[in-house]
Amino acid sequence: MNRVIPSRRAFWVLTALFILVCVTGAAWANRFLRQPALTPAIRGEAVARKLGCFACHGAEGQGGIADPGARGGKVPGWGGPTVSSYAKNEQEIREWILDGAPRRLKEAGAAHPPFIPMPAYRGRLDDRELSDLVAYFTAVSGGFGDVPEAAYEGRAIAARLGCFGCHGPSGAGGGPNPGSFKGHIPAWDGEEFLELVRDDAELREWILDGHAKRLWDNPAARHFLEGQVVQMPAYRPHLKEDEVGKLVAYIRWLRKK
Amino acid sequence: MMRKRMAGILLAAVLAANLLRSDAVSTAPVAPAGRSAAPVYRSPNHVCLSADGLKAYVVNSTSNSVSILDIRDRKVVGEIPVGERPVHAAVSREGRFLYVSCTWAGDVEVIDLAEGRVVRKILAGDEPYGVTVSRDGRRLFVANAVSDTVSVIESESGKTLSEIPVGHFPRDIAETADGSRLLVSNGLSRGMSVLDPATGKEVERRDLGRASITRQVAVTRDGHWAFVAGILSHDETPSLQMERGWIHSNGFSVADLTRPGHRVTLLLDRLLSGAANPWGLLLSADEKHLYVSLSGVHEVAIVDVAECLKLVAETTPDQVKPLEQDVEVLEKRNIAKRFDAGGLGPRGMALSEATGELLVANYFSDSVSVLDAATGALRATIPLGPPQEMSLWRKGELLFNDARITYQTWFTCTSCHQEDASVDGLNWDLPNDGIGNPKSAKSLHDAYDTAPAMWSGIRANMDAAIAAGQRFQGFLPDPANHRALVEYLGNPERAPNPFLRRGAEARQRGEQVFVSAGCDVCHPAPKYTDLKLHDLGFGTPDDYRSRFDTPSLREVYRSGPWLHDGRALTLRSIFSDHNPQDLHGHTKGLTEQELDDLVAFLRGL
């Protein structure tokens, strides 16, 4: 009788197969089971879309539709310099959203009510939606003038180089990236940022070389870095040394916030 | 029932306590003290002579009075009260009246010298500064510093015949002997206005090169040559080195009035010692000597007019600029000699032909010094009152005007900020925030409570800025000087705003526009700044930072030209020409009326 005795070779083949299935399975499971870690700002973008903000304030709040009755001729966008003549602070943004205008302006009796008035959304969104929406607005506008010097300059450099195009407004998190480990372009905050960037040195590597050396040297990580559709560019030729420092300062300030 | 009453009592008590508290803790901002009420310094700013040349009338700018001196007896024989902040005066032709310009009172006050009191007040424009009586005595010419005009006034009736637009901050006026031209020095424009009083028009703006904060002006009897004292401000180069006058040099310009555009500038500096802040300027009756007071170095220069005109005649057009930069010309060509003024802060002067003496008003010494007009030797010092110790504030004011705290005495704080710590209207490329990004000199009146300091916010606060200012002037911050300067700049003295005298309705409407355009978001009352940096797209690639410190709007009516690089020459143009993206307030689409109202509101701040 011939007994089938597993050969040494078969054992190794089976083991290898098993490991392969495990790894691939884990990767798939990761993609399907673990949702991308949403930042409040990204959730806020969905709130804005749901409420219809972009209908008047333009795509991503970048500039609005015509308002023939308004002095400026259009509904204002949410870009940084614009907000500085509409709202003093975050509280006033909440008042704009909830009541259609901040109390300060209502009390002063605006000389020029716009033709297309800002609606009052009180009662149409819950507290979490409101704080997410404000987080998104703050990301688009870049804040209220209390940004420290180096961070502000870093933000200006990020805007100039187009970082926010992929990483979302103020680095709040980007769109899908097929073939990447998480399936989307990472935010500059939250848990996944910590996985990708351990310290300032690694952040500099990401900016200058398009990847962190630690991950590049790891075959599994490298598999995803090389396989992802959108590749992080290496910005070394386009940045001066002090500019890298300002970018790092900006991202550190964002995270501290 | 009982509980209800108790609750009522409790409520009343709480309300009363709140009322008391709101009484005790006033929310009104505490205005800085400014110049303290006592002791009262006289601060003579100008001196002029009686018709016989034996009496002198001294204009005491901070005691609001005119002192009368007997020149031969070397003493004060009387003092006449006048309106607020008198700065200049002129005697009528027959010698009966003294016309005193009172900048803060906003009028020209007429003293009847026989009666020894003010008999009439003539309204001119805003902040009347220089006052000149026409050769025929029938008219008064008044330079209105804030209105940027010269008023031609009938002296007998006090009626304004015309108001002629000139450059910014006109200071002093000279009339040619034939009465066909008026020469006006402009404190904040780099040219001398030449006016035709008959047509009421400015016929020429004589370019004076790098001249800045020009002051007194004189003209020869034949109407050929005009002389004007002033600083030369090298704002065209980064402010890196003060040697050889490369930040400021000091002197006077000579203009041939028969040749349009002609101008030669001669410096009164020496190679190793600047002649900071020329102020008073006058010609002797024989036109042999020109006297220039150097207010920052406490000296008087006596210029040999013949030598000076010889040099001017030799100067070809291509030599004008090198000569303007030649800090050795005084010694090389022996055109002038410098003498101690006999007091601190020499400003206006008068020449008594009767006694052959030059009288110098010394602002900080509260005295008039008497110099031998030929030799420059000090003959006497006439105190205008009993000696008074300088307060810390006064010491600060002196230091602010004193070139002795600057390396080689090239300049003073006032060379860029005027004697009142405001502006010179120029863009300076200070190296503290990189090179290649000149920015307009800021008024220092708001530094004490609107940190950070400077347009780029490069200095954390006023204290740090004063220390840096002392280092900039070439020395380590001296602790005693620092305290005095902090006291002085920490309690700025503000002129009463002339725009508050009229147009209350327009200002009220303008405030509505101010709020609805969102101006108050970054410029909230009472400081009219949110103390933050903002990026409204005004920066250029050469700017060190993208954002600028939000300036206070207090006294914005006198801090022009406006915006960080002075690009807006009028308040209105800030909105009409320099806000293309509608980011500096949403001012797009404002009607002409709304713009006027907005400007009216701003001027009243």
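Residues numbered from 1 in each chain as written. Chains lettered and ligands numbered in written order. Predicted model: local features only at pLDDT ≥ 70, side-chain atom pairs only at ≥ 80, totals over all residues.

## So, the overall build of chain B
Within chain B, the regular secondary structure consists of 12 helices and 33 strands. The C-alpha atoms of chain B give a radius of gyration of 25 Å, which matches the 25 Å a tight globule of 605 residues would have. With respect to the principal axes defined by its C-alpha atoms, chain B has extents near 100 × 60 × 55 Å. Here chain B, with 605 residues, has 54% of them falling under the buried criterion. For chain B, the share of sequence-separated contacts (at least 6 apart) that also reach a separation of at least 24 residues comes to 54%. (Helix = DSSP H or I, 4+ residues; strand = E, 2+ residues; numbered from the N terminus. Rg over C-alpha atoms; globule rule 2.2 N^0.38 Å. Buried ≥ 20, exposed ≤ 12 C-beta atoms within 10 Å, placed from the backbone. Contact = placed C-beta atoms within 7 Å.)

## Observations concerning the overall build of chain A
Counting secondary structure elements, chain A contains 14 helices and 0 strands. Shown N-terminal to C-terminal, the secondary structure of chain A runs as helices and strands in the order α-α-α-α-α-α-α-α-α-α-α-α-α-α. Residue burial in chain A is summarised as follows: out of 257 residues, 32% are buried.

## Considering the packing of helix α5 (residues 392-400) of chain B against helix α8 (residues 479-490) of chain B
All names here are of chain B. It is the contact of α5 with α8, at a shortest axis distance of 7 Å, that shows an interaxial angle of 100 degrees. In this view, α5 runs roughly perpendicular relative to α8, as classed from their interaxial angle. Of the residues in α8, those touching α5 at L392, W393, K395, G396, E397, L399 and F400 are N481, R483, A484, L485, E487, Y488 and L489. Here the residues of the contact of α5 with α8 are counted per class, giving 8 nonpolar, 2 polar and 4 charged. (Axes fitted to C-alpha atoms, helices over the stretch in contact; angles between N-to-C directions. Parallel < 35°, antiparallel > 145°, perpendicular 65-115°, else oblique. Nonpolar A, V, L, I, M, F, W, Y, C, P; charged D, E, K, R; others polar.)

## A look at the sheet that holds strand β3 (residues 65-70) of chain B
Residues and elements named next belong to chain B. On the basis of which strands lie adjacent, the open sheet formed by 4 strands has the order β1-β2-β3-β4 and antiparallel pairing. Looking along the sheet, the strands with just one partner apiece sit at the ends: β1 (44-49) and β4 (75-81). Each adjacent strand pair in this sheet contributes to an overall mean axis angle of 25 degrees, direction not counted. Sheet analysis places strand β2 (residues 55-60) next to β3, joined by 6 bridges and oriented antiparallel. Among the inter-strand pairings, V59 is bridged to a residue of β3, identified as V66. (Pairing = 2+ DSSP bridges.)

## Examining the interface of chain A and chain B
Taken together, the contact pairs 21 residues of chain A with 25 residues of chain B. Listing elements by their share of the side of chain A that touches chain B, those giving two or more residues are α4 (80-83) and α8 (149-161) of chain A. Here the side of chain A that touches chain B gets 4 residues from one element, more than from any other, and that element is α8(A). When the residues that make up the side of chain A that touches chain B are grouped by side-chain class, the tally is 8 nonpolar, 8 polar and 5 charged.

## Considering the domain arrangement of chain B
All names here are of chain B. Here chain B is partitioned into domain 1 (121-383), domain 2 (392-490) and domain 3 (502-603). Computed over C-alpha atoms only, the centres of domain 1 and domain 2 are separated by 26 Å. Here the residues of the side of domain 1 that touches domain 2 sort into 12 nonpolar, 12 polar and 2 charged. (Domains from an automatic or database assignment.)

## Comments concerning unusual backbone geometry
Residues and elements named next belong to chain B. Residue A451 is joined to P452 through a cis peptide bond whose omega torsion reads 0 degrees. Position of P452 among the secondary structure elements: in the loop between β31 (439-440) and α7 (462-472). Between A525 and the following residue, P526, the backbone shows a cis peptide bond with an omega angle of 0 degrees. Along the polypeptide, P526 turns up in the loop between α10 (519-522) and β32 (533-534). Residue H298 is not a glycine yet carries a positive backbone phi of 60 degrees. Mapped onto the elements of the fold, H298 is located in the loop between β23 (289-294) and β24 (299-304). Positive phi, close to 55 degrees, is recorded for N334, a residue that is not glycine.

## Some thoughts on the sheet that holds strand β5 (residues 86-91) of chain B
In a beta sheet, neighbouring strands pair by backbone hydrogen bonds and run either parallel or antiparallel. All names here are of chain B. Taken together, the 4 strands give an open sheet; going across it, the order is β5-β6-β7-β8, and neighbouring strands pair in antiparallel fashion. Taken across any chain shown, the strands that pair with only one partner, and hence form the sheet edges, are β5 and β8 (117-123). The average undirected angle you get between the axes of adjacent strands in this sheet is 25 degrees. Sheet analysis places strand β7 (residues 107-112) next to β8, joined by 6 bridges and oriented antiparallel. Residue pairing in the sheet places E109 in a bridge with K121 of β8.

## With respect to the domain arrangement of chain A
All names here are of chain A. Taken domain by domain, chain A holds domain 1 (40-141) and domain 2 (147-256). For domain 1 and domain 2, the distance between their C-alpha centres works out to 29 Å. Contact with domain 1, which involves 5 residues of that partner, is made by 5 residues of domain 2. Sorting the residues of the side of domain 1 that touches domain 2 by element identifies α2 (40-51) and α7 (127-141) as the ones contributing at least two each. Here the side of domain 1 that touches domain 2 is composed, by residue class, of 4 nonpolar, no polar and 1 charged.

## So, the pairing of strand β14 (residues 182-186) of chain B
Residues and elements named next belong to chain B. Most of β14 is tucked away: 5 of the 5 residues are buried. Of the two faces of β14, the one holding L182, V184 and N186 and the one holding L183 and S185 are both buried throughout. Of the strand pairs in this sheet, strand β13 (residues 170-175) and β14 are connected by 5 bridges, and their pairing is antiparallel. Bridge pairing in β14 places E175 opposite L182. Adjacent in sequence and paired antiparallel, β13 and β14 are bridged by 6 residues, among which G179 carries a positive phi angle near 75 degrees. Judged from the 4 bridges that link them, β14 and strand β15 (residues 191-196) form a sheet pairing that is antiparallel. Within the sheet, the bridge partner assigned to V184 lies in β15 and is S193. Joining the antiparallel neighbours β14 and β15 is a turn of 4 residues.

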